[in-house]
Amino acid sequence: MKNYYLWFREGSKINQIICALLINMPVFVYGASIGWMSPMTLLLQSDKSPKVPPLTDYEVSCMAAVAYMVSFPANFLMAALGDRIGRKNTIFILSGAGFTCWAIKLLSLEFAAFVSARALVGVLMAGSYVTCPLYTKEISEDSVRGMLGSLIIVFHTTGNLFVYVIGDFLSYRTILWICLTIPAVHMVLFMMMPESPSFLVKTGDMEEAARCLAWLRCRKEDDIVIQDELIRIKNEQIKDQESNKYVFRAIFTDKLIFRAFKIALVMSLAREFCGAIPVLNFAGAIFSDASKGTGLVFSPNQQAMVLGAVQVIGSIFGFSLVERAGRKPLFIVTALISGLSMCALASWFILRDFEVCDVYQVAWLPIAALCLCIFCDSSGLQPVSVIIFGEMFSYKYRGTAIAASNSSGSLSAFFQMLVYKPIVNAIGFYVTFYCFGAVCLLTAVYVILVMPETKQRGLEEIYEDLKTKKEKKLEADQTNIEDKI
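Residues numbered from 1 in each chain as written. Predicted model: local features only at pLDDT ≥ 70, side-chain atom pairs only at ≥ 80, totals over all residues. Heavy atoms only, no water.

1. A closer look at the environment of Ile277
So, step 1. Mapping Ile277 onto the fold places it in helix 14 (residues 276-281).
So, step 2. Between the alpha carbons of Ile277 and Pro73 there is a distance of 21 Å; along the sequence they are 204 residues apart.
So, step 3. If near-sequence neighbours (up to four positions away) are discounted, Ile277 is found in contact with Arg271, Glu272, Ala413 and Gln416. (Helix = DSSP H or I, 4+ residues; strand = E, 2+ residues; numbered from the N terminus. Contact = heavy atoms within 4.5 Å.)

Right under this line is the structure:
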């Protein structure tokens with residue numbers, strides 16, 4: 001096989017990897033924006049705060065909540081923009097939002113400025129989990145789309161950990177300048193990246209679509225592989241045009257699309273209710289309560305760094321395994337382990353609260369269970385629930401389906417943030433953690449029974465598995481009748 005693009009061989013995956021890395025840089029910026037809250041709000045509420053007077057608990061709560069409120073409508077906005085102006089231009093908007101977010105914090109220490117900056121984080125949140133996974137899927141070939149699709153979790157968790165670490169060593173304004181530089185550099189570098197071939201086919205620019213696809217696949221434009229892929233993309237979109245022009249109506253009226261949507265939505269919401277969100281947001285209280293009588297003491301920043309490191313390790317583990325293990329097995333195993341760890345944690349709290357035995361002989365168990373939950377979330381539950389939206393829907397439905405799912409997730413996350421503390425205070429840790437464990441275990445059973453494997457499979461193959469035996473028999477009978485005629 002001859003060399004292509006200097007030292008890269010024809011058919012190399014290198015351009016897809018480079019493009020996917022740059023596509024997911026806004027996710028890193030989003031992760032850093034979320035992570036910034038942990039070390040910086042402690043500073044902004046302290047006596048050494050650069051803001052005079054320091055932020056109050058109410059103001060910090062408003063800052064935390066506004067991102068989830070903005071992300072609800074922003075999910076649909078990002079999906080619409082991606083379909084209207086293209087994936088590439090939408091990525092520029094995301095980086096612009098990230099740049100503006102950090103710039104506002106540099107320019108002002110007023111509460112209104114912090115809320116405005118946090119609102120832009122809601123836009124970043126929406127785009128990171130709507131535009132970035134769709135764009136990544138559409139530039140990736142089947143053999144690497146799962147691996148590249150899981151980069152979103154790697155970048156999110158690495159962004160978190162990055163700010164946790166520099167937040168422990170650098171000054172307030174130095175951190176903001178570093179974070180401001182990242183989206184600025186990204187916007188310059190991303191100018192060299194191609195538009196999504198699927199979007200170009202949709203707009204009728206077949207010549208540019210062939211050029212972009214050839215660059216991504218490290219092949220010539222007239223290569224049979226490139227032409228076959230363009231034909232497949234075109235045929236998929238022609239089939240979409242024949243269906244109901246109202247996307248939402250089609251999702252709920254087309255049997256196969258609705259089944260795919262139900263599966264993807266259940267898996268997505270299971271991630272929200274697996275316990276990871278309250279663990280990440282209320283880790284301090286959980287660590288503190290679990291450590292009573294053990295002598296184990298973690299500072300708030302140590303807690304954040306421990307959980308951040310576990311997230312990064314889990315996301316890298318998922319990145320390396322998703323193509324080899326497959327989506328379905330990876331999700332099932334991580335859901336089962338997460339469910340069992342939550343049940344173990346709940347049992348530990350019951351034994352401690354009711355003084356059944358000396359649980360401090362296994363004082364390590366709560367910390368281990370929390371870390372295991374976070375590990376499973378970032379290695380399987382989160383990446384798989386994102387990847388399958390790109391694999392189970394055609395171009396026409398991808399954006400709307402993932403926007404609807406993410407909006408539901410944002411509402412559930414907001415709801416959990418609102419009621420978690422009052423519920424724990426009323427009925428205890430053990431009831432809530434048993435509920436989280438039950439969600440994980442029941443979802444694992446659901447996925448075993450109804451989810452088709454999507455690894456390196458086309459849309460028609462996946463939808464064939466979604467058909468019932470009765471539907472398959474009717475199709476077979478109809479085909480036999482047509483053949484006789």
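2. Observations regarding the nonpolar core
So, step 1. With 120 residues, the main nonpolar core has Trp36, Phe393 and Phe433 as its most contacted residues.
So, step 2. When residues of this core are assigned to their parent elements, the largest contribution, 13 residues, is made by helix 5 (residues 111-139).
So, step 3. In terms of nonpolar packing, the next biggest core, distinct from the first, is built from nine residues, Ala209, Cys212, Ile226 and Leu230 among them. (Core = buried A, V, L, I, M, F, W, Y, C linked by side-chain atoms within 4.5 Å. Buried < 20%, exposed > 50% of the residue type's maximum accessible area, 1.4 Å probe, protein only.)

3. Let's talk about the packing of aromatic side chains
So, step 1. By the definition in use, this model includes 15 aromatic pairs.
So, step 2. Residues Phe72 and Phe76 carry aromatic rings whose centres are separated by 6.4 Å and whose planes lie at 75° to one another, so their mutual orientation is edge-to-face. Highlighted residues: Phe72 and Phe76, both in helix 3 (residues 57-84), separated by four residues, approximately one helical turn.
So, step 3. For Phe72, a relative accessible area of 34% gives the class partly exposed.
So, step 4. Seen in terms of ring centroids, Phe92 and Phe190 are 5.7 Å apart; in terms of plane orientation they differ by 80°. Their pairing is edge-to-face. With Phe92 in helix 4 (residues 87-107) and Phe190 in helix 8 (residues 172-190), this residue pair connects regions lying 98 residues apart in the sequence.
So, step 5. An aromatic cluster is defined as three or more aromatic residues linked by ring pairs; in this entry it consists of Trp348, Phe349, Phe433 and Phe436. (Phe/Tyr/Trp six-rings, centres within 6.5 Å; stacked < 30°, edge-to-face > 60°.)

4. Regarding helix 10 (residues 206-217)
So, step 1. For helix 10, built from 12 residues, the straight-helix expectation of 16 Å at 1.5 Å per residue is met to within 8% by its first-to-last C-alpha distance of 16 Å.
So, step 2. Positive backbone phi, at 55°, marks Cys218, one or two positions downstream of helix 10. (Expected span 1.5 Å × (residues − 1).)

5. Considering the state of the cysteines
So, step 1. On inspection of all chains with the given rule, the structure shows zero disulfides.
So, step 2. Cysteine Cys179 is unpaired, with the sulfur of Cys101 as its nearest cysteine sulfur at 9.0 Å.
So, step 3. Classification of Cys179 by relative accessible area gives buried; the value is 1%. (Disulfide = S-S within 2.5 Å.)

6. A look at a nonpolar patch on the surface
So, step 1. Together, Val445, Ile448, Leu449 and Val450 line one region of the surface with nonpolar side chains, adding up to about 360 Å² of accessible area.
So, step 2. As for its placement among the helices and strands, Val450 is situated in helix 20 (residues 429-450). (Patch = residues over 30% accessible without salt bridge, like charges linked within 9 Å, V, L, I, M, F, W, Y side chains within 5 Å. Areas by Shrake-Rupley, 256 points an atom, 1.4 Å probe, with all protein chains shown as cover. Salt bridge = Lys/Arg side-chain N within 4 Å of Asp/Glu carboxyl O.)

7. Here we look at the packing of helix 17 (residues 327-353) against helix 20
So, step 1. The interhelical angle for the contact between helix 17 and helix 20, taken along N-to-C directions, is 160°, at an axis separation of 8 Å. Relative to helix 20, the element helix 17 lies roughly antiparallel. As for how helix 17 packs across helix 20, the hand of that crossing is left-handed.
So, step 2. Looking at the contact of helix 17 with helix 20 residue by residue, the classes come out as 21 nonpolar, five polar and two charged. (Axes fitted to C-alpha atoms, helices over the stretch in contact; angles between N-to-C directions. Parallel < 35°, antiparallel > 145°, perpendicular 65-115°, else oblique. Left-handed = near helix turned anticlockwise from the far one by under 90°. Nonpolar A, V, L, I, M, F, W, Y, C, P; charged D, E, K, R; others polar.)

8. A look at the pattern of salt bridges
So, step 1. Under the defined criterion, the tally for this structure stands at 19 salt bridges.
So, step 2. One salt bridge in this structure joins Arg398 and Glu138, with 3.0 Å as the shortest N-O distance. Placement of Arg398 in helix 19 (residues 395-427) and of Glu138 in helix 5 is noted, with a sequence separation of 260 residues between them. As far as burial versus exposure is concerned, Arg398 and Glu138 are alike and both buried.
So, step 3. One salt bridge connects Lys467 with Glu464, and the closest N-O pair in it is separated by 3.1 Å.
So, step 4. What makes Lys467 buried here is its relative accessible area of 17%.
So, step 5. Classification of Glu464 as partly exposed rests on a relative accessible area of 32%.
So, step 6. A single salt-bridge network, built from bridges that share partners, covers Asp83, Arg87, Glu138, Glu236 and Arg398.

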